[in-house]
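Commentary on secondary and tertiary structure
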Amino acid sequence: MECFEAVFPGLTHDEILSATPESTKQWDSIATVTLAAVIEEEFGVTIEFDAKLSFTEILSFLRQHCALA
Amino acid sequence: MKLVDALKLYHHGETRSAEEFRLFIACSFPPLHLSTLTGAYLAKTVPDRRIAVNHGRCGDLIENLQLGNDAKQPNLFVVIEWWDFDPRLSIRSLGGWNDTESILRTVDAACRRLRQNLSKIQAQQIVICLPTLPLPPLFPVQSELLGRTEACLRHAVTDLIHWAISRDRMHVLHPDAIAELSPMTERWDARMDLETGFPYKLTHADSLARMCARLLTGGARRKGIITDADDTLWHGIAGEVGAENVSWSLENDSQVHGLFQQALAVLANKGVLIAIASKNDREVVMKALQRSDLAMEKDAFFPIEAHWGAKSESVSRILRTWNIDPTSVVFIDDNTVEIAEVQARFPNLECRVFPKGDPAAVIELLKWLRDEFGCESSSDENKLRRHSIEQNLIFEAEGEQADPEEFLKTLEASVTIRVAGRSSSRAWELVNKTNQFNLNGCRYTLEQWLARGERESDFVFTVAYQDRFGPLGTIATMAGHTADQRIYLEDWAISCRAFSRRLEYLCLAFLFDRFGKDAISIAFCATDRNHVAQNLLQLLIGSLPRNGNAELILTSERFERQCPRLYQRISYAA
């Protein structure tokens, strides 16, 4: 959540929960790269920079790859 | 700084409602996280400004430089990488690595083009970062061996550095400082480079961003160092082993003290004030300072407080003599109890332990001192500071015993008033550093200061002073503009070294005389520290507002009634 808040400071909590690259106006290619870099740094995982994953998909990816509760 | 924190900080910085601090990043790759991190560091170091970091959109460094210049960007961060000299030096290009002679020719031509274009940049500050990434493995030699082609490439960069550092406004990031923060193996993110075009690992981008922000917002340097003597300036207790047996040499295993002396000597030469606070018999300290092998001039120390009273007493007297704020001073002592005693009395004074038994820590301390006090150039005024403080003590002592009017009459004072313009760094420095006689405490970035000069009727004057006690250098500045029948005095600062000489009256008399106007509108604001300016204005104008900005009006008629007799000989330099 903190990563999304940092990359998309204009989104509300609920908007982040349902955020997808298609539904979020601010989610351009730069935001994708920034989001990937922030998540990589925070969780020590590797994310494809061209992967267009929604918030829930990223959450599920992190649950699989690291000890995220 | 972590990227997630940088994003928040930068976002906060770019949404402030304040005057903008604009930076343009010119590079040939998308600056992505470098831009965010630089914005975040700027947001941290200039908390009273809205931060705007922009960059060019195309993949060509020269074109982006021109874009930044066309947009009249005041601050430029030029980030150059190997492929800006020849695209074949990028892993994103497949131009072939065989023809090294052709690469060298292209690099030469690119260096020339870069110089030409950098010369045309109008920005007030240009921070240049020369290639920080390793070269791709294009040379058919073992990596341990420096081959001819690579040596030629590095030579071309060195030439570019030499050229850039001799230009005003250009600051080159120091390769060693980058290396300290960012080891070579932790700089390049090849995956990121290939996939997004951004070549840096986050930690490397963080280092460059931090250094750039620091160079752009360098701010005021400190002014004075108070050092202990025994086991700090030298090894040993002079009162016990004798002044002739304290040491600061390799032979005596006390080299770090010699290095400390050398570092102080360099800073003293740049105008930093150095004083001694020692619990000792004065004669013992003076005897040690007389030694010919001392690594600095003994005259560089002023004042020398050597007695058995508390260190905080010594520090207090030194600060009074220097007449500077504790925040501008560092106190260094090997004894943590003394440090604690001084710190308790002066919470705003930076106190550092001299780590006598740890050479690496001493080197770190010297580096820290260099960062806090060092500057590339030093104005004549800085060098005069120490001498004029000493002269001022004699001035005050003589003044106390004489009739004030008679004393001023016999000073043989002469004043030179110069039309300085906004490009005078001394004028800017005086306004930004002076506290006690400062109209309103306003501080300006170079960009803000220069922008004021665009008004047609803008003026900046500096005042240099000397009397029979010696020169004080340029000790006052007045800046503002004129309109209709008024002079608008927006900034006025007089160094505390020049008080009690009626220079404040001379400044106002000069303004009335020079512009022939009926009144001066004075942009006043009471601060916690500008009591000397407040006293004068109260005398001339009457009661002053305690809070907020105010426009005070001083008419020529009123001034003439109040102005005492002035004895200075004035010369005027256009």
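Our structure is the block above this text.
Described in the following lines is the structure provided in the data block. The structure presented is a predicted model; accordingly, all values stated were derived computationally and were not measured.

**A closer look at the overall build of chain A**
For chain A, the count of helices and strands is 4 helices and 0 strands. Tracing chain A from N to C terminus, the helices and strands come up as α-α-α-α. Here chain A has a C-alpha radius of gyration of 11 Å; the compact-globule value for 69 residues is 11 Å, and the two agree. Dimensions of chain A, computed from C-alpha atoms along their principal axes, come out at roughly 30 × 25 × 20 Å. Here chain A holds 69 residues, and 42% of them are scored as buried. Within chain A, contacts between residues separated by at least 24 positions form 39% of all contacts whose residues are at least 6 apart in sequence.

**Concerning helix 19 (residues 503-515) of chain B**
Residue and element names in this part refer to chain B. For helix 19, which comprises 13 residues, the first-to-last C-alpha distance of 18 Å matches the rise-based estimate of 18 Å (1.5 Å per residue) to within 8%. For helix 19, every residue scored as buried is listed here: Leu503, Glu504, Tyr505, Leu506, Cys507, Leu508, Phe510, Leu511 and Phe512. Looking one or two residues beyond helix 19, the residue adopting positive phi is Gly516, at roughly 60°.

**Description of the sheet that holds strand 10 (residues 350-353) of chain B**
Residue and element names in this part refer to chain B. The parallel open sheet is built from 5 strands, whose spatial order is 8-7-6-9-10. In this open sheet, the two edge strands, each paired with only one partner strand, are strand 8 (301-307) and strand 10. Adjacent strand axes in the sheet meet at a mean angle of 20°, parallel and antiparallel pairs treated alike. The sheet contact formed by strand 7 (residues 273-279) and strand 8 spans 5 bridges and is parallel. Directly across from Ile274, in strand 8, lies its bridge partner Phe301.

**Topic: the sheet that holds strand 16 (residues 549-555) of chain B**
Residue and element names in this part refer to chain B. Sheet architecture is open: 7 strands sit in the order 16-15-14-13-12-11-17, paired in mixed fashion. Looking along the sheet, the strands with just one partner apiece sit at the ends: strand 16 and strand 17 (569-573). Each neighbouring strand pair of the sheet contributes to a mean axis angle of 25°, computed without reference to strand direction. Each of strand 12 (458-467), strand 13 (470-483) and strand 14 (486-494) touches helix 17 (residues 425-433); the most contacted strand, strand 13, lies at about 85° to it. Strands strand 14, strand 15 (519-525) and strand 16 of the sheet are contacted by helix 20 (residues 531-541), whose axis makes an angle of about 50° with strand 16.

**Considerations on the interface of chain A and chain B**
Facing the 17 residues of chain A at the interface are 15 residues of chain B. Carbon and sulfur atoms supply 67% of the area buried between chain A and chain B, which totals about 1400 Å² over both sides. Counting across the interface, chain A meets chain B through 3 salt bridges. Ionic pairing is found between Glu40 of chain A and Arg191 of chain B, a salt bridge with its closest N-O pair at 2.6 Å. Mapped by element, the contributors of at least two residues to the side of chain A that touches chain B are helix 1 (2-7) and helix 3 (29-43) of chain A. Counting residues per element, the side of chain A that touches chain B draws most heavily on helix 3 of chain A, at 8 residues.

**With respect to empty space enclosed by the protein**
Applying the stated criterion across every chain yields a total of 4 cavities of 30 Å³ or more. One number sums up the size of the second largest cavity: a volume of about 60 Å³. Of the residues assigned to the lining of the second largest cavity, the class counts are 6 nonpolar, 1 polar and 3 charged.

**A word on unusual backbone geometry**
Residue and element names in this part refer to chain B. The step from Phe302 to Pro303 runs through a cis peptide bond, and the omega angle for that step is -5°. A positive phi angle, near 60°, is found at Asp231, a position not held by glycine. Taking the relative accessible area as the measure of exposure, Asp231 reaches 11% and is therefore buried. Unlike most non-glycine residues, Arg502 shows phi in positive territory, near 65°. Relative to the helices and strands, Arg502 is located in the loop between strand 14 and helix 19. For Arg502, a relative accessible area of 17% translates into the label buried.

**Examining the pairing of strand 6 (residues 224-227) of chain B**
All names here are of chain B. What you see with strand 6 is no split at all: Gly224 and Ile226 on one side and Ile225 and Thr227 on the other are buried throughout. As paired elements, strand 6 and strand 7 share 4 bridges and run parallel to each other. Bridging across to strand 7, Ile225 finds its partner in Ile274. Where strand 6 lies against strand 9 (residues 329-333), 4 bridges are found, and the strand directions are parallel. Within strand 9, the residue paired with Ile225 across the bridge is Val330.

How each quantity is defined
- Residues numbered from 1 in each chain as written.
- Chains lettered and ligands numbered in written order.
- Predicted model: local features only at pLDDT ≥ 70, side-chain atom pairs only at ≥ 80, totals over all residues.
- Heavy atoms only, no water.
- Helix = DSSP H or I, 4+ residues; strand = E, 2+ residues; numbered from the N terminus.
- Rg over C-alpha atoms; globule rule 2.2 N^0.38 Å.
- Buried < 20%, exposed > 50% of the residue type's maximum accessible area, 1.4 Å probe, protein only.
- Contact = heavy atoms within 4.5 Å.
- Expected span 1.5 Å × (residues − 1).
- Pairing = 2+ DSSP bridges.
- Axes fitted to C-alpha atoms, helices over the stretch in contact; angles between N-to-C directions.
- Buried area = accessible area lost by both parts, 1.4 Å probe.
- Salt bridge = Lys/Arg side-chain N within 4 Å of Asp/Glu carboxyl O.
- 1 Å grid on protein atoms, 1.4 Å probe; cavity = no way out; pocket = protein on both sides within 12 Å on 5 of 7 lines; lining within 4 Å.
- Points joined across faces, edges and corners; volume = space filled by probe spheres on them.
- Nonpolar A, V, L, I, M, F, W, Y, C, P; charged D, E, K, R; others polar.

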